[in-house]
Number of protein chains: 2
Amino acid sequence: MAESSERARVPSIRDVARLAGVSHQTVSRVLNDHPSIRPETKSRVLDAISVLDYRPNRAARALVTSRTTNIGILSATVGEFGPTASIASIEDAARAEGYSVTTVNLPETTPEAIGEAIRQLAREQVSGIVALAPQVRVFNVLRGMAIGVPYVSLQTASGSDGVTHSADQLTGARLVTQHLIALGHTEILHLAGPQDWIEAESRMRGYLDAMRDADLTTFPPIRGDWTADFGYFAGGELARRRDFTAVFAANDLMAIGLMHGFRDAGIDVPRDVSVVGFDDIPVAAHVCPTLTTVHQDFTELGRRAVAILLAEIRGEQVPVFGALDPILRTRESSSSR
Amino acid sequence: MAESSERARVPSIRDVARLAGVSHQTVSRVLNDHPSIRPETKSRVLDAISVLDYRPNRAARALVTSRTTNIGILSATVGEFGPTASIASIEDAARAEGYSVTTVNLPETTPEAIGEAIRQLAREQVSGIVALAPQVRVFNVLRGMAIGVPYVSLQTASGSDGVTHSADQLTGARLVTQHLIALGHTEILHLAGPQDWIEAESRMRGYLDAMRDADLTTFPPIRGDWTADFGYFAGGELARRRDFTAVFAANDLMAIGLMHGFRDAGIDVPRDVSVVGFDDIPVAAHVCPTLTTVHQDFTELGRRAVAILLAEIRGEQVPVFGALDPILRTRESSSSR
DNA sequence: TTGTACGCGTTATCAG
DNA sequence: CTGATAACGCGTACAA
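What counts and how
- Residues numbered from 1 in each chain as written.
- Chains lettered and ligands numbered in written order.
- Predicted model: local features only at pLDDT ≥ 70, side-chain atom pairs only at ≥ 80, totals over all residues.
- Heavy atoms only, no water.
- UniProt positions renumbered as here; feature names shortened; annotations may be inferred.
- Helix = DSSP H or I, 4+ residues; strand = E, 2+ residues; numbered from the N terminus.
- Salt bridge = Lys/Arg side-chain N within 4 Å of Asp/Glu carboxyl O.
- Buried < 20%, exposed > 50% of the residue type's maximum accessible area, 1.4 Å probe, protein only.
- Least-squares fit on C-alpha atoms with pLDDT ≥ 70 in both.
- Contact = heavy atoms within 4.5 Å.
- Pairing = 2+ DSSP bridges.
- Axes fitted to C-alpha atoms, helices over the stretch in contact; angles between N-to-C directions.
- Buried area = accessible area lost by both parts, 1.4 Å probe.
- Polar contact = N/O pair within 3.5 Å; in protein donor to acceptor, adjacent residues only side chain to side chain.
- Nonpolar A, V, L, I, M, F, W, Y, C, P; charged D, E, K, R; others polar.
- Near = heavy atom within 4 Å.

By the naming in an unreviewed UniProt entry, chain A goes by LacI family DNA-binding transcriptional regulator and is assigned to Microbacterium bandirmense.

A. Broad picture of the UniProt feature "domain: HTH cro/C1-type" (unreviewed entry) in chain A. Residues given the UniProt feature "domain: HTH cro/C1-type" (unreviewed entry) here are residues 12–55 of chain A. What you have in residues 12–55 of chain A is 68% helix and 0% strand, and the ends, taken at the C-alpha atoms, are 8 Å apart.

B. Representation of the pattern of salt bridges within the structure. Tallied over the entire structure, the rule returns 44 salt bridges over all chains. Close ionic contact of B:Arg271 with B:Asp272 constitutes a salt bridge, the shortest N to O distance being 3.3 Å. With a relative accessible area of 60%, B:Arg271 lands in the exposed category. Of the charged contacts, one joins B:Asp280 and B:Arg329 as a salt bridge, the two residues approaching to 3.2 Å between their closest N and O atoms. A residue pair is termed long-range when its members are at least 10 positions apart, and B:Asp280 in the loop between β9 (274–276) and β10 (293–295) and B:Arg329 in strand β11 (residues 327–329) qualify at 49 residues. Linked by salt bridges that have partners in common, A:Arg174, A:Asp209, A:Arg212 and A:Asp213 make up one network.

C. Quick look at the relation of the copies chain A and chain B. Of the transformation superimposing chain A on chain B, the axial component is 0.2 Å and the angular component is 180°, with the fit at an RMSD of 0.3 Å. One copy is carried onto the other by what is essentially a two-fold rotation axis. Most of the interface of chain A is mirrored in chain B: 100% of its interface residues are interface residues there too.

D. Focus on the sheet that holds strand β7 (residues 222–223) of chain B. All names here are of chain B. Pairing is parallel in the open sheet, where four strands are placed in the order β7-β6-β8-β9. The strands lining the two open edges of the sheet, one partner per strand, are β7 and β9. Examined bridge by bridge, strand β8 (residues 246–249) and β9 share three bridges and lie parallel to one another. Note that in β9 the partner of alanine 246 across the bridge is serine 274. Contacts between helix α8 (residues 169–182) and the sheet are confined to β6 (188–192), β8 and β9, with β8 contributing the most and set at about 170° to the helix.

E. Broad picture of the interface of chain A and chain B. With 48 residues of chain A at the interface, the matching set in chain B holds 50 residues. In total, about 4200 Å² of surface goes out of reach between chain A and chain B, with carbon and sulfur atoms giving 50% of it. Counting every contact that joins chain A to chain B gives two salt bridges. Residue B:Arg58 is joined to A:Glu124 by a salt bridge in which the shortest nitrogen-to-oxygen separation is 3.3 Å. At the surface where chain A touches chain B, the tally comes to 22 residue pairs in polar contact (both at pLDDT 80 or more). Contributions of two or more residues to the side of chain A that touches chain B are made by α4 (58–65), α5 (81–96), β2 (100–105), α6 (111–123), α10 (228–238) and α11 (252–264) of chain A. In the side of chain A that touches chain B, the residues fall into 20 nonpolar, 16 polar and twelve charged.

F. Seen up close, the environment of B:Asp279. Residues and elements named next belong to chain B. Secondary-structure assignment places aspartate 279 in the loop between β9 and β10. With relative accessibility at 12%, the residue aspartate 279 sits in the buried group. Along the sequence, aspartate 279 and asparagine 251 sit 28 residues apart, while their C-alpha atoms lie 6.0 Å from each other. Among residues more than four places away in sequence, those in contact with aspartate 279 are Phe81, Arg203, Asn251, Asp252, Thr293, Val294, His295, Gln296 and Phe298.

G. Region of the structure containing the protein's contact with DNA strand C. Taken together, 29 residues surround DNA strand C, and among them A:Thr26, A:Arg29, A:Thr41, B:Ile13 and B:Gln25 come closest. When atoms of DNA strand C within 4 Å of the protein are sorted by moiety, sugar and phosphate together comprise 51%. One of the side-chain nitrogen or oxygen atoms of B:Arg14 is found 3.0 Å away from a base oxygen of DNA strand C. A distance of 3.3 Å separates a phosphate oxygen of DNA strand C from a polar atom in the side chain of B:Asn32. Elements that contribute at least two residues to the surface near DNA strand C include exactly α2 (24–31) and α4 of chain A together with α1 (13–20), α2 (24–31) and α4 (58–65) of chain B. The leading source of residues in the surface near DNA strand C is α4(B), at five residues. Partitioning the surface near DNA strand C into residue classes produces ten nonpolar, 13 polar and six charged.

See the structure below:
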């Protein structure tokens, strides 16, 4: 019944050494490609390795070096589309480089919780951390904590201290706002994200900048919480005041909820009001009306984060990426005045 | 500049021993609550531990026990709503129990890729695996591989071999199909998921069962790929044949795409055709028309998976959970004939 | 270029 | 109940 569940003994470095007729030390050198090793010895060792299907024991290695080939992901997002996509691509990219990924979710963004999460990753002896820390608070705690290992912060304002990377939220927000302006709208509302979120700030600033550049007066942004439910609620509220002809919602989920709220209030999108979103989630192209939004390449973002982090870990030249270009996807939910 | 980046030496078990005036071995016993230890010795050790803020070194522990407090997640899903939600809750539940979580994505579901992923987790010496392996193939490979550590397979047909757990897809599918029947529909189509997916099969069988029970003739299901884009495509195709009055799409994304396709083809939902989905993704309540669907508690599913897995790991009594009740959410996209 | 000795921090085994 | 002592698998320092 359990004939196949017994684990065969895993070959160790000494088994390889014995088979190759060298000392375990020589094998170790081959493993870490030490410069001084005779090619012919090396190939003998490599043969032995592949014959035995030998894999270095990571625990032993971690014990002696007090460092692992793990990277940690610190995620303060509940399961939003963007971060989720990035996490998957981080995992893929890391694995391709021989690193595994340990994820820690942040249940709440108190300094204590953040500290605890970082301590946990430290105990795991991760050799680097990718933080998906969209909230200002988290980012600050992170920066202040002096973790002891390199880290990259994703989805935060770019340029803050050289270890962050993100798509260019500000440009994206300008783009989509300018799109509305070009359509002839002058009274444009912004349904923003939560106060504490860095991206929410960037998108709001993009909106404000675009409006100012066009000499349009701005309305005080409405603070949302990223959810479609809030968008719906806001739609109902906004239906009472009709002093606008377009709304830029800080993400697609809110935009979709908003359109629903408008619909229930008898406001037709885009005839009465144009709506645009941000993120280009998979349903954006299929809701009714289809949603004009800003596309971001979250996958590429994750890949870059890993590239940056691994360079730091290995002490190599850290690659410098330009901001990721956001792309405007024009669809039915916005139309000219 | 780097005054805080130097890492203080971490206290080891011997430091604790010295401070407590015992041997490091005794400390180890306290740590693993060995039965035979004098209470007064124990408390002295515990004091020392808290004074030094000592934490056991996981690498050292893993080295000697060849086992870790990590659990692995094997994910063969691209980023769908359900699995993603489950993964997050698995992570939370595991962390609450002192376990960390390492995730491996499966880029493709070939036996080789699956084997490679499992080998990687084995190298990490995870003490258990939660597989989100919705594809039949993956599940079979998994079962055949004799991993050597306990594993739980999520989102698969329940009851197959005692190590799987899932919401009751079949019941959910019956529920929603019966809902359509109760509304007076008799010509009901099913837009199914990919052939290889276990959940797709369950949902399809639920549909077939409900139809049979009502003595209605079924149509051959259409095979989709879970995406909204496919749903849209299918909508366009189906618009040509009008031999049905309702469609049960195997997930919300396809349902939403389908409604879009119908819309573009001039078919009104729900006046001309009723559409229902499955999953209750966050936008389901806000698309137009709002989508009747089946709600599943993915979070609870994740929690249960961890409970089962940890019980197996610890050799405790494995809890037996009843199937998770799916809940019908009736909304505007379905209406009576 | 290669080998030997030692230590990393912990648990297991066997005395006492 | 407690303490030596020996592993665990690997990397580093030093010797050859």
